[in-house]
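Secondary and tertiary structure notes
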Amino acid sequence: GAGVSQTPSNKVTEKGKYVELRCDPISGHTALYWYRQSLGQGPEFLIYFQGTGAADDSGLPNDRFFAVRPEGSVSTLKIQRTERGDSAVYLCASSLGQGLDTQYFGPGTRLTVL
Amino acid sequence: AQKVTQAQTEISVVEKEDVTLDCVYETRDTTYYLFWYKQPPSGELVFLIRRNSFDEQNEISGRYSWNFQKSTSSFNFTITASQVVDSAVYFCALSRMNRDDKIIFGKGTRLHILP
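The structure contained in this document is the topic of the report that follows. Treat the numbers as computed from the prediction; the structure is a model and nothing was measured.

Observations regarding the overall build of chain B
Secondary structure assignment for chain B yields zero helices and 12 strands. Each of the three principal axes of chain B carries a C-alpha extent, and together these read 45 × 25 × 20 Å. Restricting the contact set of chain B to residue pairs at least 6 apart, pairs at least 24 apart contribute 56%. Accessible surface computed for chain B: about 5700 Å², of which carbon and sulfur atoms make up 47%. Distance between charge centroids for chain B: 6 Å, based on 13 positive and 14 negative side chains.

Listed below in structure tokens is the structure:
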């Protein structure tokens, strides 16, 4: 079946602009996660959704970052007033959400803030 | 606090050699999962294995094997008879058990298999 998909694959923006990154999880997966991977580092957790609600947003670095999942499927990560330090690959993962399931990752969106 | 340490930043071996990637973890939880993921040059994270803290049996899958030792908080990964296609960044990771919890990743080990 189809895996996790993310769009766009690449996004270049200017400092101060607003961006939206989209994640389409595996069908039937109720849990959805966002991670950020900076160059040479492992992925770092940002936020986790169970259904429509954010169950854990402790990884969001500041209030410029926000994510939604209004219908419990597709999620959008929103970044306001982007800064050069936001440049990274943003990864989305999904799982069945039963507490015992593995997270499967999408290909990521590479965000570059000029 | 949870932490994963992969001390080897980069390893190069010649094809057909065996190679072991080290992973040491820290957690206060008594139950947890350990993972290995592969990230090839294409960038997508590929799930390789998940082990739970109850099961210290070593696991083998083809040319891959994993050695979990709770006494030393290690979960090492060995590739036998390495191939050029094994070239990638490998991440060891940790999460709590029995809840949909975030995964804590190490910084990764970049593996180069030389032809």
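Now that the structure is up, let's keep going.
Points about the sheet that holds strand β3 (residues 19-24) of chain A
Residue and element names in this part refer to chain A. Strand order across the open sheet formed by four strands is β1-β3-β8-β7, with antiparallel pairing between neighbours. Strand pairing shows two members of the sheet lacking a second neighbour, β1 (5-7) and β7 (65-68), which therefore form its edges. Across the sheet, the mean angle separating the axes of adjacent strands is 15° when strand polarity is ignored. Bridge count between β1 and β3: three bridges; the pairing is antiparallel. Paired with Thr7 across the two strands is Arg22, which belongs to β3.

With respect to the interface of chain B and chain A
Counting from both sides, the interface comprises 18 residues of chain B and, opposite them, 25 residues of chain A. Contact between chain B and chain A buries roughly 1700 Å² in total, counting both sides, with carbon and sulfur atoms accounting for 49%. Taken together, chain B and chain A are joined by one salt bridge. Among the ionic pairs, Lys102 of chain B bridges to Asp56 of chain A, the shortest N-O distance being 3.4 Å. Counting across the chain B and chain A interface gives four residue pairs in polar contact (both at pLDDT 80 or more). Those elements giving two or more residues to the side of chain B that touches chain A turn out to be β5 (32-39) and β6 (46-52) of chain B.

Considering the layout of surface pockets
Taken as a whole, the largest pocket encloses approximately 680 Å³ of empty space. Every residue lining the largest pocket is counted, 32 residues in all, and those nearest its centre are Gln37, Leu39 and Gly40 of chain A together with Gln39 and Arg110 of chain B. Only β9 (88-95) and β11 (109-113) of chain A together with β10 (88-96) and β12 (109-114) of chain B provide two or more residues apiece to the lining of the largest pocket. Examining the composition of the lining of the largest pocket, we find that four residues originate from one element, β12 of chain B, more than from any other.

Let's talk about the pattern of salt bridges
Pairs can form between side chains of opposite charge whenever their charged atoms are close. Scanning the entire structure with this criterion turns up eight salt bridges over all chains. Salt-bridge contacts for Arg63 of chain B lead to Asp86 of chain B; the nearest nitrogen and oxygen are separated by 2.8 Å. Of this pair, Arg63 of chain B sits in the loop between β7 (59-61) and β8 (64-69) while Asp86 of chain B sits in the loop between β9 (74-79) and β10, placing them 23 residues apart in sequence. A single network of salt bridges, built from pairs that share partners, joins Arg64, Glu83 and Asp86 of chain A.

Considering the state of the cysteines
Residue and element names in this part refer to chain B. Evaluation of the coordinates by the stated rule reveals two disulfides over all chains. The disulfide partner of Cys23 is Cys92, and the gap between their sulfur atoms is 1.9 Å. One disulfide, between Cys23 and Cys92, carries an S-S torsion of -65° and so falls in the left-handed class. One end of the pair, Cys23, is in the loop between β3 (19-21) and β4 (24-26); the other, Cys92, is in strand β10, with 69 residues separating them in the sequence.

Reading the values: rules and limits
- Residues numbered from 1 in each chain as written.
- Chains lettered and ligands numbered in written order.
- Predicted model: local features only at pLDDT ≥ 70, side-chain atom pairs only at ≥ 80, totals over all residues.
- Heavy atoms only, no water.
- Helix = DSSP H or I, 4+ residues; strand = E, 2+ residues; numbered from the N terminus.
- Contact = heavy atoms within 4.5 Å.
- Areas by Shrake-Rupley, 256 points an atom, 1.4 Å probe, with all protein chains shown as cover.
- Lys, Arg positive; Asp, Glu negative; His and termini not counted.
- Charge placed at Lys NZ, Arg CZ, Asp CG, Glu CD.
- Pairing = 2+ DSSP bridges.
- Axes fitted to C-alpha atoms, helices over the stretch in contact; angles between N-to-C directions.
- Buried area = accessible area lost by both parts, 1.4 Å probe.
- Salt bridge = Lys/Arg side-chain N within 4 Å of Asp/Glu carboxyl O.
- Polar contact = N/O pair within 3.5 Å; in protein donor to acceptor, adjacent residues only side chain to side chain.
- 1 Å grid on protein atoms, 1.4 Å probe; cavity = no way out; pocket = protein on both sides within 12 Å on 5 of 7 lines; lining within 4 Å.
- Points joined across faces, edges and corners; volume = space filled by probe spheres on them.
- Disulfide = S-S within 2.5 Å.

Scope: geometric values only; no functional claims are made or implied.
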